[in-house]
Amino acid sequence: MRLAERIERRTPAHRDRGVDGLRALALLAVPTGHWMLGGFTLDGERAIHNASPLSTFGGLAPASWVLQMLGVFFLVGGYASVLSYRRRAAGTGEWLRGRIARLGRPVLGVTAVWAVLIAVGTAVGVPGDTLRTGATLVIQPLWFVGVYTVVTALTPCCVRAARVMGPWAAAPLLGSVAVVDLVRYGPYAEAMPSWLSVLNLLPGWLFAYQLGVSWGERRIGRREAWVLFVGGAVLFAALLVVFHYPASMVGVPGEARTNSHPPSLLVLALAAVQSGAAILLRDRLGALLRRPALWAPVVVVNLSAMTILCWHQTAMLAAAVPASLTAGAVPGLTTAPETVGWILARLAWLPLFAALLALIARYACGFESPWKKATKARRAAAGLLAAGFTAFALGLA
């Protein structure tokens, strides 16, 4: 309670607790989703391989609608960027460099550390397939940082669009994704090149960010939020029922189509629903977070945002890899996610994953702060290690 009271005293009166609460919920959904919707299988050499319970339990797909909260994250990111952009003391370039540095330091840190872990694991005899599985899982969520960096760089353009077009600034992005989806899934889809889907990458993820910028510019209020919520829900239902989009918001092994890589129109529909709900609930959530005991964990989560994003897969692997090498098949940890028992066992493992993440964060959170003591040689070494790990994870080495 002393920590909660200390955090409460240090919180500025003007702090928007509702927005911070929304960011914390979206952040915590990332590890929860990956921990619950990602599993492992063991081969004869006790090497672990990725597996998904969604391959067996298709009925779990609606869980991904809740656990995939990137729409809220990009919404809140756009909102926060507007406030930061207004307060910038120098030019736009310096503001952007500062934002990119905050995103890049933790990524460079986790990839450099994992380069060392790969080398050590190889030396002590950890199976190569286990190391590649771990590298794939670690680098998997980092795509978000690259996309987020690009949309952050577009903040000045998004601000101008919001001021000119108001709440409709995100509509062209929705239309662009709809056109690409029509081309790649329509009657002539077989004649179209596969690379067309890449055209959805930027507008698909910029959509919710632009909504956040428009919200921060006070161009979106409760009425517009209701339109987003209801309109998004109707579009979401139509895409599922009439146009037969895959129900899962994450990729399912063996499925020919995926909604998230790159985003389909279903992702934008869900983002509209989530954004509308977030805007409508922001004030109530803010009032709830006036309680110090509830506000303190929100502050801790927000201060550790990039650490959570970069290291949560490592926390799961910190439990799974030793178990695979010493005990072999451990229910809910290294056994195939093919039974209801696996789901119940995995739920039981979540507290351990969270504790391991908290332990890792105690040391890894330093990567989020400016590296004032790092020499040029150390920065160069970290860059080389990160590049080597990336090449390994992508199968280039």
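Since the model is a prediction, treat every value here as computed from it, not as a measurement.

Trainee: Tell me about unusual backbone geometry, residues and numbers included.
Mentor: Cis geometry marks the peptide bond from His261 to Pro262, where omega comes out at -5°. Of note, Pro262 is situated in the loop between helix 11 (222-241) and helix 12 (265-288). You will see that Arg218, though not glycine, has its phi angle at about 60°, which is positive. With a relative accessible area of 70%, Arg218 lands in the exposed category. The backbone phi angle of His244 is positive, close to 55°, even though this residue is not glycine. Residue placement: His244 occurs in the loop between helix 11 and helix 12.

Trainee: Quick one: what's the story with the pattern of salt bridges, residue by residue and with numbers?
Mentor: A full pass over the atoms with the stated rule returns nine salt bridges. We note a salt bridge from Asp20 to Arg15, for which the minimum N-O separation is 2.6 Å. We classify Asp20 as buried; its relative accessible area is 6%. Notably, a salt bridge pairs Glu217 with Arg163, separated by 2.9 Å at the nearest N-O pair.

Trainee: A description of the environment of Gly77 should follow, citing residues and the corresponding values.
Mentor: Considering the arrangement of structural elements, one finds Gly77 in helix 4 (residues 70-87). Distance in space between the C-alpha atoms of Gly77 and Ala208 is 8.9 Å, their sequence separation being 131 residues. Residues contacting Gly77, with those up to four places away along its chain left out, are Tyr148 and Tyr209.

Procedures and definitions
- Residues numbered from 1 in each chain as written.
- Predicted model: local features only at pLDDT ≥ 70, side-chain atom pairs only at ≥ 80, totals over all residues.
- Heavy atoms only, no water.
- Helix = DSSP H or I, 4+ residues; strand = E, 2+ residues; numbered from the N terminus.
- Buried < 20%, exposed > 50% of the residue type's maximum accessible area, 1.4 Å probe, protein only.
- Salt bridge = Lys/Arg side-chain N within 4 Å of Asp/Glu carboxyl O.
- Contact = heavy atoms within 4.5 Å.

Keep in mind these numbers describe shape, not what the thing actually does.
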